[in-house]
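One-letter residues, chain by chain:
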Amino acid sequence: MGRRLIQCLMASVALGLLMPSVAGAQQSEIERLKAEQEALRQRIERMEVQQRMPEQHQDPLLRQRIERLESEQSKAAAAKGDAKVPRFVESINDDIRLTLSGQVNRAALYANDGDEDQVFHVDNDNSSTRLLFRGVGRFDEDLTVGTQIEVQIESNSSFDVSIGGEPAGFNTVSFTERKLELFFDSKTFGRLWLGQGDTASNGTSESDLSGTAVVSLASGAWLMAGSIRFQEDGTTGPRVRDVFSDFDGLSRDDRIRYDTPSFEGFKFSTSHVDGSAWDAALTYAGEISGIKTRAAIAYADADNKNNRNLEQVNGSASVLFPFGLNFTLAAGQQDLEKDGRDPSMYYAKVGYILSPFSIGSTAVSADWQLVEDRDRSGDEATTYGLALVQNIDRIATEAYVAARMYELDRRGADFDDIYAVMAGARVKF
């Protein structure tokens, strides 16, 4: 009898010792499954956000890079025997899915105006440092409602620095608005935008599949050294930004905008802008036999808008072949009713995307731009540029270097050429 009692007690003690171990294993398995489920949800949400972005603003390589990164992360996690740790931004409103994204883009800029030279440490205005908060809620299977707050903060913008001047961001660094808007997106009827954001024509001069837009944005050659002034025998002339332009529509503004649903890659957009301006644009994004194409054409009427009184037609197209070769063209013309000038812009770029390194693709390009009558009748402003961008996929980084020359031919003047070299990196998060 005593022996049986001792055996029962020992069995009870053993069972008591084993139970926590079993419970712990079950809890660990539950936590692992939860982590996997959350990681899958986050991946789906990121892809949905990418798909719902306006097509002309999507990074053509973003989807490929996301899939490659997630594949590498999954393999690494599997090798360790761990589930990927989920990362997310939580909104206090359970009905709205909140995402946070942004980038930092810093560079060193060397500029030589033929008389003096200087090195600047700048924010690259081709694609400025910024933050984007995006909230999206689904009403039903057809209608989605969303909000966007995008702000930029530039210290010493490459567009504003000047030789011999104070740093462009000296004691003035602050958040500036890019987008403060909401939208209603219907799969059946299209999308309606309200607030500060892209007008229909914004981005229509910037179709670019070259992979070098981070430092050589299509038709945006003036962004590298916008405030450097031309010199003539020590006499100061106009700035680069005065004689160059990309003629890129009405930019971002307070407006109401409508986009039709995409039909075979085509989409029509129109907007009415605060100040009695309006515009319209037709865009295309598609792929045929592996050949990717982005194209846009736009018309803008800014009569009485900030006293600009202009009509403008502009457009661009970019083609990327499966083996990496790409071509980009852009053009635009303005009718300035105020003084009778008709400035025009022509742009061309050829590029190649290759993968000599395992860390990510490498993109190279050469471009040319001619702008006529931008500052004065008879002006001919020409620029030539070279760019190289190395993607480092594992850390979402683009390292780049670019060189550019600016020329200005003006009646009765003999300006020195301006040379600029920029090297830096953009990190997205």
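What counts as what
- Residues numbered from 1 in each chain as written.
- Predicted model: local features only at pLDDT ≥ 70, side-chain atom pairs only at ≥ 80, totals over all residues.
- Heavy atoms only, no water.
- Pairing = 2+ DSSP bridges.
- Helix = DSSP H or I, 4+ residues; strand = E, 2+ residues; numbered from the N terminus.
- Phe/Tyr/Trp six-rings, centres within 6.5 Å; stacked < 30°, edge-to-face > 60°.
- Salt bridge = Lys/Arg side-chain N within 4 Å of Asp/Glu carboxyl O.
- Buried < 20%, exposed > 50% of the residue type's maximum accessible area, 1.4 Å probe, protein only.
- Patch = residues over 30% accessible without salt bridge, like charges linked within 9 Å, V, L, I, M, F, W, Y side chains within 5 Å.
- Areas by Shrake-Rupley, 256 points an atom, 1.4 Å probe, with all protein chains shown as cover.
- pLDDT = per-residue confidence, 0-100.
- Contact = heavy atoms within 4.5 Å.

**Q** Honestly, the pairing of strand β13 (residues 310–320) in this entry has me stumped. Any pointers?
**A** Along any regular strand the residues' side chains alternate between the sheet's two faces. Taken together, the 10 bridges between strand β12 (residues 291–301) and β13 define a ladder with antiparallel strand orientation. Opposite Ala296, over in β13, you have Ser316 as the bridge partner. Where β13 and strand β14 (residues 325–336) come together, 11 bridges link them in antiparallel fashion. Opposite Ala317, over in β14, you have Leu329 as the bridge partner. Counted between consecutive antiparallel strands, the loop separating β13 from β14 contains four residues, among which Gly324 sits at a positive phi close to 110°.

**Q** Just to check I follow, could you spell out the packing of aromatic side chains for this structure?
**A** Within a pair of aromatic rings, the relevant descriptors are the distance that separates the centres and the angle that separates the planes. Applying the stated criterion across every chain, the model contains eight aromatic pairs. Look at Phe230 and Phe415: their rings are 6.1 Å apart centre to centre, the planes differ by 55°, and that puts the pair in the tilted class. Of this pair, Phe230 sits in strand β7 (residues 229–232) while Phe415 sits in the loop between β18 (397–409) and β19 (418–428), and the two are 185 residues apart along the sequence. Look at Phe266 and Tyr284: their rings are 4.7 Å apart centre to centre, the planes differ by 45°, and that puts the pair in the tilted class. Of this pair, Phe266 sits in strand β10 (residues 266–273) while Tyr284 sits in strand β11 (residues 277–288), and the two are 18 residues apart along the sequence. Grouping aromatic residues by their ring pairs yields a cluster made of Phe321, Phe323 and Phe327.

**Q** I keep staring at the pattern of salt bridges and nothing clicks. Help me out?
**A** Pairing between side chains of opposite charge can happen when the charged atoms of each approach one another. Taken as a whole, this structure holds 13 salt bridges when the rule is applied. Glu181 serves as the salt-bridge partner of Arg255, at 2.8 Å between the closest nitrogen and oxygen. Taken together, the residues span a long stretch of sequence, with Arg255 in strand β9 (residues 252–259) and Glu181 in strand β5 (residues 176–186) at a distance of 74 residues. You'll find Arg255 and Glu181 in the same group, each marked buried.

**Q** Looking at this structure, I do not really get a nonpolar patch on the surface. What am I missing?
**A** A cluster of nonpolar side chains, Val89, Leu100, Val104, Phe133, Ile149, Leu180 and Phe429, forms an exposed patch at the surface whose accessible area comes to about 570 Å². Mapped onto the elements, Phe429 comes out in the segment after β19.

**Q** Teacher, can you tell me more about unusual backbone geometry here?
**A** If you check the backbone angles, Ser219 has positive phi at about 60° while not being a glycine. With respect to the helices and strands, Ser219 occurs in the loop between β6 (190–198) and β7. Among the residues examined, Ser219 registers a relative accessible area of 0% and is labelled buried. Residues other than glycine seldom take positive phi values, yet Glu264 does so here, at roughly 55°. Its location among the elements puts Glu264 in the loop between β9 and β10. Glu264 gets classed as exposed once you look at its relative accessible area, which sits at 63%.

**Q** I tried to follow the confidence of the model for the chain on my own but got confused; where do I start?
**A** Keep in mind that low pLDDT regions are not for reading the predicted coordinates in detail. Chain-level statistics for the chain give a pLDDT mean of 86 and a share of 79% at 70 or above. Here residues 81–86 is a poorly scored stretch, pLDDT under 50, and it has 13 contacts once near neighbours within four places are set aside; other chains count.

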